[in-house]
Amino acid sequence: MQTATTGPEKLPRTLGLWSSVALVIGITIGSGIFRTPAGVARLVPSPLVMLGLWTLGGAVTLCGALSLAELAAALPETGGFYVYLREGWGRWAAFLFGWSQLILIRASALGGIAVVFGEYLLRSLRIDPVAHVMAARGLSAAAIAFAAAVNIVGVNLGAAIVGVSTVAKFSALAVLVAAALILGSTHGASVENLTRAAGGSPIGIGAMGLALVSILWAYDGFGDLSFAGGEVRDPQRNLPRAIIIGTLALIAIYVSTNVAYLYVSPIETVARSPLVAADTMLAIFGQAGVVLVSVFVMISSFSSLNGSMLASPRIFFAMAGDRLFFEAIARVHPRYKTPYVAILLAAVLGMALVLSRSFESLTNTFVLAIWPFYALSVAAIYRLRRQRPDLPRPYRVVGYPIVPALFILSVVAFVVNSLVHDTMNSLITFALICSGLPIYYGIFSRDRRQIR
C-alpha cells in the first residue's frame, strides 16, 4: 500500500515520435470533421466564410500547439495540462481542471465521440440510427467499455490500435477529397458552390463565434498527447515535434475535406446534411459509397475514442499522486502497468452521459469547459518564464510573446461570445466548474494526509 510520503508508481516510457504523432492525429480526427460541417453551414451560410473559419480554427489551434510544445518539453510528466496548471498557477487551478475533467469535460468528450461511432456503425449496416436511437446509444456505450478494456491491457496495444486506424482514416479522408475533386464534376459538383452564398440576412459576429466553437471541437485533441507525457520516450524532443507535426497535418486535411464537401454540394445542402461525408460519397458512388464512408467514420470515431481513453485517465492518476484525489485512482495494474482504476472511472462516466445526452449538447459543453483551461495553461508560460527562468526549456515557443497571446485572446473572445449568445448553457457550464472550488478549499487545501 502507498504511504503518504511515497510518490505514485511510474509508468514506463514506451511511445516514440511517430506513435506520438499518430496519437495526436488519431485522437483529434474523430467525429468532428464528419458531423460539425452541417452545423457550421447553418450558422454561416457562406462557403468562403465557412472555409475561412476552418482555417482560423486551425490557426488558433496551431498557436496553442506551438505554445503547448514549450510546456510539454519543459514539464514532460503524466497529466499534461494538469501539470502545467499546477506548476504555473498552483494546486487550486490544477484541482479545478481535474474536477472539471471528472464531472464534465472528459465524459462529455468520450460520449460525443462514441455517439458518432454508434450512429455510423448502424449506418454501415444500412440501419437508420435516427429510428433506432437506443440501439445507437447502446453500441456507443459498448465502444467505450471496449476501449477501456484495451487500454487497461496496455498502452502499447491502445497506441497500436490508434496508429493503425489513424492511417486508415487519414487515408479515407484523402480518398474522399480526391474523389470529390476528380470525379465530382461528373456528378453535379461545381466550383461555383465554393463561392456562392445562400440567401438571407448578413452573417453576424455572434454566429461566426458560435460556429468557431463547433470547429474547435473538431480540432480538439491537439494537446491530449501531453496527458501521457510521462510515457513518451525522449520527451523533450519528441513531445513538441509530435504536437506540431500532428497539428499541421490536421489543418491541411480539415480544410481540404471542407473544400470537397462544398465542391460537391451547395452550402444549403451541406447545412441540411448532418452525415455530410456519407451524402458526399452518395453523390459520387451511390449507396456503396455511403456504406464505405460509414465504415471509415466508424473506424475514425473508435480510433479517437480509444486514443482519448488512453490519454485522459492520466489526469486522475496525476491528481491522486499529488494527494488531490483518492489514493485508489493512482493504482497501477500489477501486470499491465496501466492506471486501470482511472481508466475504469473515465469509462463509467462516459457511458452514463452517452446514454443520456445528445451529440450537440455533449460537444458544446466540452469545448466551452476545456478551452479556457487551455488558455490558462498557455498563460502559465509567461509566469513560469518569470518565476522559474532556470527551468530547462529544450524548445521555446516560436513568436513569443505574440503567439501565446493570440491563442489566449482567441479563447477569451469565443467564451465571451458564448456568454452573450448562449447565456444559460454557458452559465450552467461555468457554475459546474466553479463548484469544485469549495471542495478544494474545504478538503484538499487543508488536509494533505493520505485520502482513501
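Keep in mind the model is a prediction, meaning the values are calculated, not measured.

Draft legend 1. Main features of the packing of aromatic side chains. According to the stated counting rule, one finds 16 aromatic pairs in the structure shown. Seen in terms of ring centroids, Phe 95 and Tyr 440 are 5.6 Å apart; in terms of plane orientation they differ by 35°. Their pairing is tilted. Residue Phe 95 is found in helix H5 (residues 91–124), and its partner Tyr 440 is found in helix H18 (residues 436–444); the two are separated by 345 residues along the sequence. Here Phe 95 matches Tyr 440 in class, with each residue buried.

Draft legend 2. Quick look at the environment of Ala 148. Relative to the elements of secondary structure, Ala 148 occurs in helix H6 (residues 133–153). On the accessibility criterion, Ala 148 (3% relative accessible area) is buried. Once you skip the residues sitting within four places of it in the chain, Ala 148 turns out to touch Met 309, Ile 343 and Ala 347.

Draft legend 3. Structural view of the layout of surface pockets. Volume-wise, the largest pocket comes out at about 580 Å³. If you trace the largest pocket, you find 27 residues lining it, with Glu 360, Ser 361, Thr 363, Asn 364 and Thr 365 closest to the centre. Broken down by secondary-structure element, the contributors of at least two residues to the lining of the largest pocket are helix H2 (32–43), helix H8 (205–219), helix H15 (359–387) and helix H17 (423–434). When the residues that make up the lining of the largest pocket are grouped by side-chain class, the tally is eleven nonpolar, eleven polar and five charged.

Draft legend 4. Structural detail: the pattern of salt bridges. One pass over the structure, following the stated rule, counts six salt bridges. Ionic pairing is found between Arg 35 and Glu 119, a salt bridge with its closest N-O pair at 2.8 Å. In this pair, Arg 35 is assigned in helix H2 and Glu 119 in helix H5, connecting sequence segments 84 residues apart. In terms of burial, Arg 35 and Glu 119 fall into one category: buried. Ionic pairing is found between Glu 87 and Arg 388, a salt bridge with its closest N-O pair at 2.6 Å. Residue Glu 87 is located in helix H4 (residues 81–89), and its partner Arg 388 is located in the loop between H15 and helix H16 (402–421); the two are separated by 301 residues in the primary sequence. The structure contains a network of salt bridges with shared partners spanning Glu 70, Arg 385 and Arg 393.

Draft legend 5. Representation of the side chain of Arg 35 within the structure. Arg 35 gets classed as buried once you look at its relative accessible area, which sits at 13%. Excluding its chain neighbours within four sequence positions, the residues that come into contact with Arg 35 are Val 116, Glu 119, Pro 274, Phe 359 and Glu 360.

Draft legend 6. Spatial organisation of the packing of helix H1 (residues 17–28) against helix H9 (residues 235–264). Two elements in contact, H1 and H9, have axes separated by 8 Å at closest approach and are oriented at 40°. By the angle between their axes, H1 is oblique relative to H9. Crossing of H1 over H9 shows right-handed handedness. Touching Leu 17, Trp 18, Ser 20, Val 21, Val 24, Ile 25 and Thr 28 of H1 are Asn 238, Arg 241, Ala 242, Ile 243, Ile 245, Gly 246, Thr 247, Ala 249, Leu 250 and Tyr 254, all from H9. Broken down by class, the residue content of the contact of H1 with H9 amounts to eleven nonpolar, five polar and one charged.

Draft legend 7. Broad picture of the side chain of Thr 36. Turning to its location among the elements, Thr 36 is positioned in helix H2. Look at Thr 36 and you get buried, because its relative accessible area is 6%. A polar contact of 2.6 Å, which involves the side chain of Thr 36, links it to the backbone oxygen of Gly 32. Beyond its immediate stretch of four places on either side in the chain, Thr 36 contacts Trp 54, Ser 214, Trp 217 and Ala 218.

Draft legend 8. Spatial organisation of empty space enclosed by the protein. Counted by the stated rule, this structure contains three cavities of 30 Å³ or more. Space inside the largest cavity adds up to approximately 120 Å³. As for the largest cavity, its lining consists of 17 residues, of which Ile 27, Ile 113, Trp 217, Asp 220 and Ser 304 are closest to the centre. Mapped by element, the contributors of at least two residues to the lining of the largest cavity are H1, H5, H8 and helix H12 (287–311). Here the lining of the largest cavity is built from residues that sort into seven nonpolar, seven polar and three charged. No other element matches the four residues that helix H7 (residues 155–183) contributes to the lining of the second largest cavity. Classifying every residue of the lining of the second largest cavity gives nine nonpolar, no polar and no charged.

Draft legend 9. Region of the structure containing H4. Within H4, seven of the nine residues are buried, which leaves the element mostly enclosed by the surrounding structure. The set of residues buried in H4 consists of Phe 81, Tyr 82, Val 83, Tyr 84, Leu 85, Arg 86 and Gly 88. Once H4 ends, the next one or two residues include Gly 90, with phi positive near 110°.

Draft legend 10. Structural detail: unusual backbone geometry. Of note, the amide linkage connecting Tyr 400 to Pro 401 takes the cis form, showing an omega dihedral of 5°. Non-glycine residue Arg 126 carries a positive phi angle of around 65°. Owing to a relative accessible area of 60%, Arg 126 belongs among the exposed residues under this scheme.

Definitions and cut-offs
- Residues numbered from 1 in each chain as written.
- Predicted model: local features only at pLDDT ≥ 70, side-chain atom pairs only at ≥ 80, totals over all residues.
- Heavy atoms only, no water.
- Phe/Tyr/Trp six-rings, centres within 6.5 Å; stacked < 30°, edge-to-face > 60°.
- Helix = DSSP H or I, 4+ residues; strand = E, 2+ residues; numbered from the N terminus.
- Buried < 20%, exposed > 50% of the residue type's maximum accessible area, 1.4 Å probe, protein only.
- Contact = heavy atoms within 4.5 Å.
- 1 Å grid on protein atoms, 1.4 Å probe; cavity = no way out; pocket = protein on both sides within 12 Å on 5 of 7 lines; lining within 4 Å.
- Points joined across faces, edges and corners; volume = space filled by probe spheres on them.
- Nonpolar A, V, L, I, M, F, W, Y, C, P; charged D, E, K, R; others polar.
- Salt bridge = Lys/Arg side-chain N within 4 Å of Asp/Glu carboxyl O.
- Axes fitted to C-alpha atoms, helices over the stretch in contact; angles between N-to-C directions.
- Parallel < 35°, antiparallel > 145°, perpendicular 65-115°, else oblique.
- Left-handed = near helix turned anticlockwise from the far one by under 90°.
- Polar contact = N/O pair within 3.5 Å; in protein donor to acceptor, adjacent residues only side chain to side chain.

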